[in-house]
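Structural overview
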Amino acid sequence: MPEFHPGNWVERAVNWLQTHLGWLFDVINTVLTGLYDGINLVLGGAEPLLLAGIFAVIAFWLRGILAGVVAFGGFVLIDSFGLWGEAMSTLSLVLAAAVITILFAVPTGIWAARTKTVSAAVRPVLDVMQTMPAFVYLIPGVMFFSVGTTPGLLATIIFSMPPGVRMTELGIRQVDSELVEAADAFGTSPGQTLRRVQFPLALPTIMAGVNQVIMLALSMVVIAGMAGAPGLGERVYAAVTQVQIGLGVESGIAVVILAMYLDRMTGALNVRVSPLGRRAAAKTTAMLGRMRFVRYKPGTAVALSGVLVLALAAGGLNMASSGSGAQAGGGTNVGKGKQLKMGYIPWDEGIATSYLWKEALEQRGYQPDLKQLDAGPLYTSLAQGQTDFQTDGWLPTTHQQYWDKYGSRMEKLGSWYGPTSLELSVPSYVKGVKSLADLKGQGKKFKGKIIGIESSAGEMKILKEKVLKEYGLEGEYKVVSSSTSSMLSELKRSIQQKEPVVVTLWSPHWAYNKYDLTKLDDPKGAFGKGEKLHNVGRKGFAEDNPTVARWLKNFHLTENQLTSLEARIQGAPKGQEQKAVKQWLDARPGFLDKMVPVPGGAKKQGKDAGKSVDMAYFPWDEAIATTYLWDNILEDRGYKPSVKQLDPGPLFTAMSQGQIDFQTDAWLPTTHEQYWRKHRDKLTDVGSWYGPTSLELSVPSYVKGVDSLADLKGKSKLFGGKITGIESSAGEMKILEQVLKDYGLDKEYKVVSSSTSSMLSAVDKSVKQKKPVLATTWSPHWVHSKYPMKKLKDPKGSWGKGDHIHVTAKKGFKKDFPELYGWLKNFKMSEQDLGSLEAAIQEGGKGQEKESARKWLDSRPGLEDKLAPVK
């Protein structure tokens, strides 16, 4: 029988959809995430006890006083577990999924009830939706939407849809046909029959379907947690993978409380909204006679008033407490609230380093969001840009399969530990087993099992495909896939009972410190050479976050540091990983400052800190770049700089009048000679920081045989007979006329006047298409950093001598700002540094000049201390 794999077709279809319908998935993701965020904003932002009171009032309204008291007690218990935020996230997830499911399920059920063809077509689809393992839905969900809320929501919607459709169809079909015929006989339209006859009578069954939808949605929280969705599912998943019994029990109880509340409330809601339900409730109450007060329920208006009062109180408390969160202060607030998304695989070194970085980043003013994921979803999320970085990339072996698949969409951020080793280990009391070869023929001793870890781990693949084969252990041993925590639990249980066990392990690992284990030698080298542990980021992470990227690349831990950190976390109460990290850091003063040094040092204050400094610039690239560079430096040194943009004339005039303290872009002795000659008695020449400048014609470096202006002769067809110029009023354009005459090019080439931006656009377009282009440029300019442009030599010196770029200031500047005067006098920049700074500002975009200069400065540790030294 030939093999048949429809899964391959599905995988190809998913790839095609990703490529061609990415916009649609973005829309779906926006809608689902927006709905969840909106609900969670309401539920998660309120004071827990007041929101518990609102839930209690709703229970009182629907079921009576006893239900209200029990509901309040249940939610208070969740809050006492410290799981309130997770519970509200889960409730938000359930409500969002239920709303969308009901919007689709009820109309579909009605349609199926009224049309046999639709019913026949829908039934097998519902069968598949209900019986397909829910985990399968996560695979395309993660591929299309990455990890987070959306894959969990989609899986929940699909899984909980069938009962909503089936019960709606059943309820409509169960309505007595004679009642429908009577309605038709009285001339009622089909729509009126549905709204006034069928739907009211079918409402109890439909509400039962709604109840089942909500219950199934709640049952999916763990699976949603596996896909990175927040809430109790994430906690349950962490408890399962890390064998945290206490956390698992508490999270499970919280889920049960939510389930019971939602089940009882939706059931009672049926009584409130259904005519048949209200009739039955009234009959039951009447039968109680004088005891009817036991079943007292407040009217809708009374209950609504109570809810509104509590909601207003909760909103007021929320507003009063907003903005009170702790932030990094002073010079350590490098992140300024920037959010970073981190992920980790639940391996001990991954947990330890992830929480270490979470604590370090929070102390530097960032807002890291940390999620636990399996290796596959984590690397998928990194490749899709949904996770910024993770700290536990085992390369080049264990995680190589993910690097092969996604390497072009990720970047390595440095190795922080290595080499590691993969191995099988046994307790030291197991005699006669010192190497992998010794396992041969001893399968019965270990019950024919090797206790493994996650099936997705690279070590498991090497073990199954190579190690067992190399040592002839296939057939004798079965590798049991589980999880790291389950493997460690089995190891602990076996050691307590002095039973033989063989487990997959690796070094470094705290288990070697805690237990007396024997690493089995690997004489054939089947496990391969040791690996290194890498920080891995999404593509572009280093460019977007140069400071954090530099910290990560310089990060290193010794085996002693790593195992002591792991041991501290292992010894802490479950769920207190970050608290354990804080304690570990407190015991190592200075470690954090070495791990995440503040850019520019500890923001040393200058001698004139507190003084206001007025700076100005005209909109030339080098002026913008250097002005905002000094704006950042002066802020770091405690000055109070202000920046204005002016044209050259007004700027030199304002500076001569003492209204502007200094500017960084005076081209002398030529370009700005007229302003200098007019105001020189009222100005200070602080010094030249760049020079000489130059004017030139440039071509892309792939244009061969054109290296000087003389080489342009006879090659006009190559460039379409034109030179792309800038503004016709520019001095360079006037000089160009003489340059062309000197080289005999004036009749062969036409100079096209445009603008600086148009010239740069022409260069950008030509370089992208690998076409020749001849353009007017000058140095310094970022065009030479961003594009592979070649300056054409001028052997005849037709362009003339270049200017030097000076810092000029008001008269008396040295007396008013002696420290700053010294810094500016010694200020120098190379063409490479200036070009890269200009390019960084261009890429940052309009309005982000200061932030772009900040990133550029932070990516060059030590530069600030060199430019503005403080003794």
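First, a word on scope: everything that follows refers to the structure included in this document. (Residues numbered from 1 in each chain as written. Predicted model: local features only at pLDDT ≥ 70, side-chain atom pairs only at ≥ 80, totals over all residues. Heavy atoms only, no water.)

Examining the nonpolar core
Of all hydrophobic cores here, the largest spans 91 residues; its most connected members are Leu 356, Trp 357, Leu 361, Leu 424 and Leu 439. Here the element with the most residues in this core is helix 16 (residues 348-363); it accounts for seven residues. Once residues within four sequence positions are removed from consideration, Trp 357 is found in contact with Met 342, Thr 391, Trp 551, Leu 552, Phe 555, Met 595 and Val 596. Core analysis: the next-biggest nonpolar cluster, separate from the first, contains 53 residues, Leu 51, Trp 61, Ala 96 and Tyr 261 among them. (Core = buried A, V, L, I, M, F, W, Y, C linked by side-chain atoms within 4.5 Å. Buried < 20%, exposed > 50% of the residue type's maximum accessible area, 1.4 Å probe, protein only. Helix = DSSP H or I, 4+ residues; strand = E, 2+ residues; numbered from the N terminus. Contact = heavy atoms within 4.5 Å.)

Side note on the packing of aromatic side chains
According to the stated counting rule, one finds 25 aromatic pairs in the structure shown. Note on Trp 416 and Tyr 417: the rings are 6.2 Å apart at their centroids and 55 degrees apart in plane angle, and the pair reads as tilted. Take Trp 416: its relative accessible area is 1%, and that puts it in the buried class. Lying across the ring of Phe 817, Lys 611 places its NZ or CZ 5.4 Å from the centre. Over the ring of Tyr 743 we find Lys 796; its NZ or CZ atom is 4.8 Å from the centre of that ring. (Phe/Tyr/Trp six-rings, centres within 6.5 Å; stacked < 30°, edge-to-face > 60°. Lys NZ or Arg CZ within 6 Å of the ring centre and 35° of its normal.)

Considerations on the packing of helix 5 (residues 84-114) against helix 8 (residues 149-174)
Here helix 5 crosses helix 8 at 35 degrees, and the two axes come no closer than 6 Å. As helix 5 packs across helix 8, the resulting crossing turns out to be right-handed. Its residues assigned to classes, the contact of helix 5 with helix 8 shows 15 nonpolar, eight polar and two charged. (Axes fitted to C-alpha atoms, helices over the stretch in contact; angles between N-to-C directions. Left-handed = near helix turned anticlockwise from the far one by under 90°. Nonpolar A, V, L, I, M, F, W, Y, C, P; charged D, E, K, R; others polar.)

Quick word on the pairing of strand 18 (residues 775-779)
For strand 18, the tally of buried residues reaches five of five residues, placing the bulk of the element in the interior. Neither face of strand 18 is exposed, since Ala 775, Thr 777 and Ser 779 on one face and Thr 776 and Trp 778 on the opposite face are all buried. Sheet topology note: the strand 15 (residues 694-700)/strand 18 ladder contains five bridges and is antiparallel. Bridge pairing links Glu 696 to Thr 777 in strand 18. (Pairing = 2+ DSSP bridges.)

Description of the side chain of His 784
Relative to the helices and strands, His 784 resides in helix 32 (residues 783-786). Residue His 784 is classed as buried on the basis of its relative accessible area, which comes to 18%. In this view, His 784 contacts Glu 696, Ser 698, Thr 777, Trp 778, Ser 779, Met 789, Lys 791 and Glu 831; residues no more than four positions away in its chain are not counted.

Coordinates in, geometry out; function isn't part of it.
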